[in-house]
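# Commentary on secondary and tertiary structure
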Amino acid sequence: MHAKIGRNDPCPCGSGKKYKKCCMGAPNAAGLNLPETFLKRYNIRLKTPEQVDGMRRCGKLVMQTFDIVRDLIRPGVKTEDINQAVHEFTVKNGAYPAPLNYHGFPKSVCISPNEVICHGIPGERVLKDGDIVNVDITSILDGYYADCNQTFFVGAPSPDARKIVDVARECLRLGLEQAKPGNIVNDISAAIQTYAEGQGCSVVREYMGHGVGLDFHEAPNIPHFRSRWGNTPLAPGMTFTVEPMINLGGKALRVLDDGWTAVTKDGSLSAQFEQTLVITEHGFESLTPFEL
Ligand code: MF3
Ligand code: CO
Ligand code: CO
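Rules used throughout
Residues numbered from 1 in each chain as written. Chains lettered and ligands numbered in written order. Predicted model: local features only at pLDDT ≥ 70, side-chain atom pairs only at ≥ 80, totals over all residues. Heavy atoms only, no water. Phe/Tyr/Trp six-rings, centres within 6.5 Å; stacked < 30°, edge-to-face > 60°. Helix = DSSP H or I, 4+ residues; strand = E, 2+ residues; numbered from the N terminus. Buried < 20%, exposed > 50% of the residue type's maximum accessible area, 1.4 Å probe, protein only. Lys NZ or Arg CZ within 6 Å of the ring centre and 35° of its normal. Donors = N, O, S within 2.8 Å, 3.2 Å for Na, K, Ca; no water. Tetrahedral: all angles 85-135°; square planar, octahedral: opposite > 155°, others 65-115°.

Under the definition given, this model contains seven aromatic pairs. Summarising the aromatic geometry, the rings of Y102 and F216 are spaced 4.6 Å apart at their centres and angled 50 degrees between planes, so their arrangement reads as tilted. In this pair, Y102 sits in the loop between strand 1 (96-97) and strand 2 (110-113) while F216 sits in the loop between strand 7 (209-211) and strand 8 (218-222), placing the two residues 114 residues apart along the sequence. Judged by relative accessible area, F216 falls into the buried class, the value being 9%. Ring pairs connect the aromatic residues Y102, Y145 and F216, which therefore count as one cluster. Here R162 stacks its cationic end above the ring of F153, 5.9 Å away from the centre of that ring.

Note on the cobalt ion (ligand 2): its protein donors are D147 (OD), H210 (NE2), E243 (OE) and E274 (OE). The metal-donor distances range over 2.0 to 2.2 Å. Seen from the cobalt ion (ligand 2), its six donor atoms lie at angles of 51 to 163 degrees, and the figure they make is irregular. Within one chain, the residues donating to the cobalt ion (ligand 2) are spaced in sequence as D-x62-H-x32-E-x30-E. Between the cobalt ion (ligand 2) and the cobalt ion (ligand 3), a spacing of 3.2 Å is present, and a bridge between the two is formed by D147. With D147 in strand 5 (residues 144-153) and E243 in the loop between strand 9 (239-242) and strand 10 (245-247), this residue pair connects regions lying 96 residues apart in the sequence. We note that D147, like E243, is buried.

Looking at the cobalt ion (ligand 3), the protein donor atoms are D136 (OD), D136 (OD), D147 (OD) and E274 (OE), and they sit 2.1 to 2.4 Å from it. What the six donor atoms of the cobalt ion (ligand 3) show is an angle range of 58 to 172 degrees at the metal, which sorts the shape as irregular. Mapping the donors of the cobalt ion (ligand 3) onto the primary sequence gives the spacing D-x10-D-x126-E.

And the structure:
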């Protein structure tokens, strides 16, 4: 997968030199090829085609899990019921739910209704007509991770619910449009921030997209806002998530006493969509695809 960049193309490592004069095949001036350079310079593990294939298989299972979740979501359902269904389906298919016991997280999936930004813990909360709810599923299959989330309407959405869900979905779509070799992380970040703020919404700063594949959270961070850490070049074989959290009101958040649940400080609605992707020769492939 990393071998197909043209000899005379700019080196994906970001040096500004031609690929053939830098990281192509044989070592560059520092004695390193492209995967070695990304590991040393950015701590990023570029994936081999075999590793991407493992992630793709895991992503397929995650998307099948969403088929079950989508059918469960209706007024009156408890978030714990969704957790049970995700856990059972994942384990039945020979996979493991990555959130369970991750840094002490107590459940198998994150479920975040309304003002909950992310990391909601499933429990006795009952979803009601007019709610929105984000379900964030990450599975581990044969050692490979795929991470995906979507926000759903419960019953009939209010105008505010429609607005924030539409803006969050469009943010992911516009971010992914920038995911290609030759671009840098900041191109993704800026596209998302510009659109969200142009719609009068705000972008959460405390949580970001992330490298993923052999671990739940790998380098690099993928901020959904312009940042000084956004200069990392995008190269074929990079696998990461884009997962903008967008608030209808202000960007400020607070974490509840359970140590996980992040809520908007002003109580406004928050929505999010996430996909796991791999940078390819000309763009990207989503490993957890759904329509945007
Ligand atoms: N799935 C979340 C993400 O997109 C991380 C959840 S961590 C957990 O990065 F511990 F809360 F599960
Ligand atoms: Co993620
Ligand atoms: Co996630």
